[in-house]
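Read off the chains here:
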Amino acid sequence: MFNTHLYQLQNTVMSTIKILPATKADFKTLQEIGKKTFYETFSASNSDEVMQRYLNESFSEEKVKSELDNPQSLFYIAWDNQWPIGYLKLNRSEAQTELQENDSLEIERIYVLSDYQGKKVGQLLYDKAFEIAKENEKISIWLGVWEKNPKAIRFYEKNGFVPFSSHVFKMGDEEQTDIMMRKTIG
Ligand SMILES: CC(C)(COP(=O)(O)OP(=O)(O)OC[C@H]1O[C@@H](n2cnc3c(N)ncnc32)[C@H](O)[C@@H]1OP(=O)(O)O)[C@@H](O)C(=O)NCCC(=O)NCCS
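Residues numbered from 1 in each chain as written. Predicted model: local features only at pLDDT ≥ 70, side-chain atom pairs only at ≥ 80, totals over all residues. Heavy atoms only, no water.

Draft legend 1. A look at the overall build of the protein chain. Tallying secondary structure elements over the protein chain gives five helices and seven strands in all. Written out in order from the N terminus, the α and β elements of the protein chain read β-α-α-α-β-β-β-α-β-α-β-β. For 186 residues, the compact-globule formula gives about 16 Å, and the C-alpha radius of gyration of the protein chain, at 16 Å, lands near that figure. Each principal axis of the C-alpha atoms in the protein chain carries an extent, and together these give about 40 × 40 × 30 Å. When each of the 186 residues of the protein chain is scored for burial, the buried share is 45%. Considering only contacts within the protein chain whose residues lie at least 6 apart along the sequence, 62% involve residues at least 24 apart. (Helix = DSSP H or I, 4+ residues; strand = E, 2+ residues; numbered from the N terminus. Rg over C-alpha atoms; globule rule 2.2 N^0.38 Å. Buried < 20%, exposed > 50% of the residue type's maximum accessible area, 1.4 Å probe, protein only. Contact = heavy atoms within 4.5 Å.)

Set out below in structure tokens:
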């Protein structure tokens with residue numbers, strides 16, 4: 001889907017980017033952006049076998065469909081005209097992967113395809129997360145980000161997030177550390 005529509009975002013006006021809620025019909029789009037962005041971001045740091053297993057498990061049709069069915073998880077897709085270029089996944093209450101406090105909102109993923117990174121698409125997706133947190137009267141937004149993902153860490157720092165804890169997770173046989181970051185909403 002992406003290669004056939006290779007185009008340059010530089011030539012488009014940012015105001016043409018629309019952030020829209022995903023519907024059940026969008027599961028393939030979420031699956032494809034998720035797999036592609038995860039691979040682009042993390043394949044250099046993980047073996048092919050570990051990557052393939054993770055991609056197959058975490059972005060399977062069954063998993064993505066069940067996430068879309070969860071009323072406490074919210075998905076938004078960034079569209080440049082008819083082309084999907086990124087997405088946001090938010091979790092409320094018990095859908096949060098940790099914490100699970102009622103007054104917090106989790107950003108589980110902000111994924112922007114590599115060709116479109118650094119052009120404020122991530123910022124538009126984050127702005128949507130902030131808007132939803134306010135609408136839902138949450139007092140904080142939190143997330144986990146891999147300690148070896150400096151680009152994402154800087155992106156969240158820029159948006160006012162500060163580390164508050166860490167979490168070890170297994171990627172294949174290797175233990176990796178996520179930095180937990182939080183922003184309190186004034
Ligand atoms: C992290 C990510 C979401 C950022 O989205 P993006 O569209 O590339 O970022 P933006 O263009 O909106 O940048 C917003 C701000 O973030 C910071 N930033 C983004 N990319 C940066 C980089 N490579 N180096 C330093 N700062 C960066 C900048 O401060 C930027 O503001 P500025 O341009 O005014 O300086 C995106 O790069 C991405 O999807 N990465 C792969 C998946 C991932 O790691 N997701 C996060 C973990 S779930």
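There is more to say after this.
Draft legend 2. How the structure looks around the packing of aromatic side chains. Throughout the structure, instances matching the rule amount to 10 aromatic pairs. Measuring from centroid to centroid gives 4.7 Å for Phe38 and Phe42, while their planes differ by 55°, and the two rings are tilted. In this pair, Phe38 and Phe42 both sit in helix α1 (residues 27–42), four residues apart, roughly one turn of the helix. For Phe42, a relative accessible area of 12% gives the class buried. Ring pairs connect the aromatic residues Phe38, Phe42, Tyr54, Phe59 and Trp146, which therefore count as one cluster. Over the face of the ring belonging to Phe164 we find Arg182, whose NZ or CZ atom lies 4.0 Å from the ring centre. (Phe/Tyr/Trp six-rings, centres within 6.5 Å; stacked < 30°, edge-to-face > 60°. Lys NZ or Arg CZ within 6 Å of the ring centre and 35° of its normal.)

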